[in-house]
Amino acid sequence: MPIFQNLTDEQSAAVEGIVHHRLLNADTPLYSEGDEINALSIIANGQIKVFRTAENGKEQLLYLLQAGDINGEAALFNQLEHNSSAVTLTPTTVCSINRSDFQKLLTKFPQISVNVMNTLGSRLIALERQTTKSNTESVASRLADYLVETSSALHQNPVQLPLKNKDLATLLGTTPETISRYLKRWETSQLISKMGQRRIQINDIDELLLQK
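What you see is a predicted model; the values in this text were computed from it and never measured.

### Some words on the sheet that holds strand β9 (residues 159–160)
Here comes step 1: With antiparallel pairing, the three strands of this open sheet are ordered in space as β9-β11-β10. Each end of this open sheet is capped by a strand with a single partner; those strands are β9 and β10 (192–194).

Shown next, in the form of structure tokens:
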């Protein structure tokens, strides 16, 4: 995991001593809006959706968490509450470290502080890139990126897409009908093969990523 790279054996042992591992089934809440942020969570594998619930009860999908991502970093500095909710989309392994233990670790091993800042910086860049894509890239390009990135993150091909079309449409800033239209077009051109409900085989990654 990125935040634990370049550690000595002593540092790695110290980390292992305070990490709690949890294997969560799909559709399991990780946290809900209003819950206290009292731990740093690191996604070891799987995929999690982070969302807010609007006053009308509809979900607003914010972003996805995948292997290597961290969440709850605000707990490192302040005792705050979550302003969003998170639910697993696939079976997911989460490593968590409570706030006080992690703060002690940062004081003892400055390298971990550097790794945390680098990881947070990478997430900000990724979110900025996602926003830029929504504003400048075509729906086809964004959808192709999602298929390839999800397949890679879950180490699956064929890949069982965790998001329903309506949630995927929200993430990509389009409509479910547009998602279905592109998937059908790519199946016809044999870039992908549909192998059941939301199960897709990517046949030509390079050509798929060139879609506009």
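### Re the nonpolar core
Here comes step 1: Counting 27 residues, the largest nonpolar core has Leu143, Leu147, Trp186 and Leu208 as its most contacted members.
Here comes step 2: Elements that contribute at least two residues to this core include exactly β5 (59–66), α4 (139–154), α5 (165–172), α6 (176–188) and β11 (199–202).
Here comes step 3: Looking at this core, the element that brings in the most residues is α4, giving eight residues.
Here comes step 4: Inspection of this core shows a minimum of three residues originating in each of domain 1 (2–133) and domain 2 (137–210).

### Quick word on the side chain of Ser151
Here comes step 1: By secondary structure assignment, the location of Ser151 is in helix α4.
Here comes step 2: Polar contacts involving the side chain of Ser151 include one to the main-chain carbonyl oxygen of Gln156, which spans 2.4 Å.
Here comes step 3: Here Ser151 is in contact with Gln156, Asn157, Val159 and Ile202, once residues within four sequence places are set aside.

### As for unusual backbone geometry
Here comes step 1: Omega for the peptide link from Asn157 to Pro158 comes to 10°, which places this bond in the cis form.
Here comes step 2: Looking at where Pro158 falls in the secondary structure, it is placed in the loop between α4 and β9.
Here comes step 3: Despite not being glycine, Gln190 has its phi angle at roughly 65°, a positive value.
Here comes step 4: By the element assignment, Gln190 lies in the loop between α6 and β10.
Here comes step 5: Of the residues examined, Gln190 reaches a relative accessible area of 61% and is grouped as exposed.
Here comes step 6: Positive phi outside glycine occurs at Arg198, with the angle close to 60°.
Here comes step 7: Within the secondary structure layout, Arg198 lies in the loop between β10 and β11.

### Brief notes about the pattern of salt bridges
Here comes step 1: Considering all chains together, one arrives at two salt bridges under this definition.
Here comes step 2: One salt bridge connects Asp167 with Lys49, and the closest N-O pair in it is separated by 3.9 Å. Taken together, the residues Asp167 in helix α5 and Lys49 in strand β4 (residues 47–53) connect sequence positions 118 residues apart. Here Asp167 and Lys49 have matching classes, each one buried.
Here comes step 3: As a salt-bridge pair, Asp167 and Lys166 come within 3.4 Å of each other at their nearest N and O atoms.
Here comes step 4: By sharing partners, the salt bridges in this structure join Lys49, Lys166 and Asp167 into a single network.

Analysis parameters
- Residues numbered from 1 in each chain as written.
- Predicted model: local features only at pLDDT ≥ 70, side-chain atom pairs only at ≥ 80, totals over all residues.
- Heavy atoms only, no water.
- Pairing = 2+ DSSP bridges.
- Helix = DSSP H or I, 4+ residues; strand = E, 2+ residues; numbered from the N terminus.
- Core = buried A, V, L, I, M, F, W, Y, C linked by side-chain atoms within 4.5 Å.
- Buried < 20%, exposed > 50% of the residue type's maximum accessible area, 1.4 Å probe, protein only.
- Domains from an automatic or database assignment.
- Polar contact = N/O pair within 3.5 Å; in protein donor to acceptor, adjacent residues only side chain to side chain.
- Contact = heavy atoms within 4.5 Å.
- Salt bridge = Lys/Arg side-chain N within 4 Å of Asp/Glu carboxyl O.

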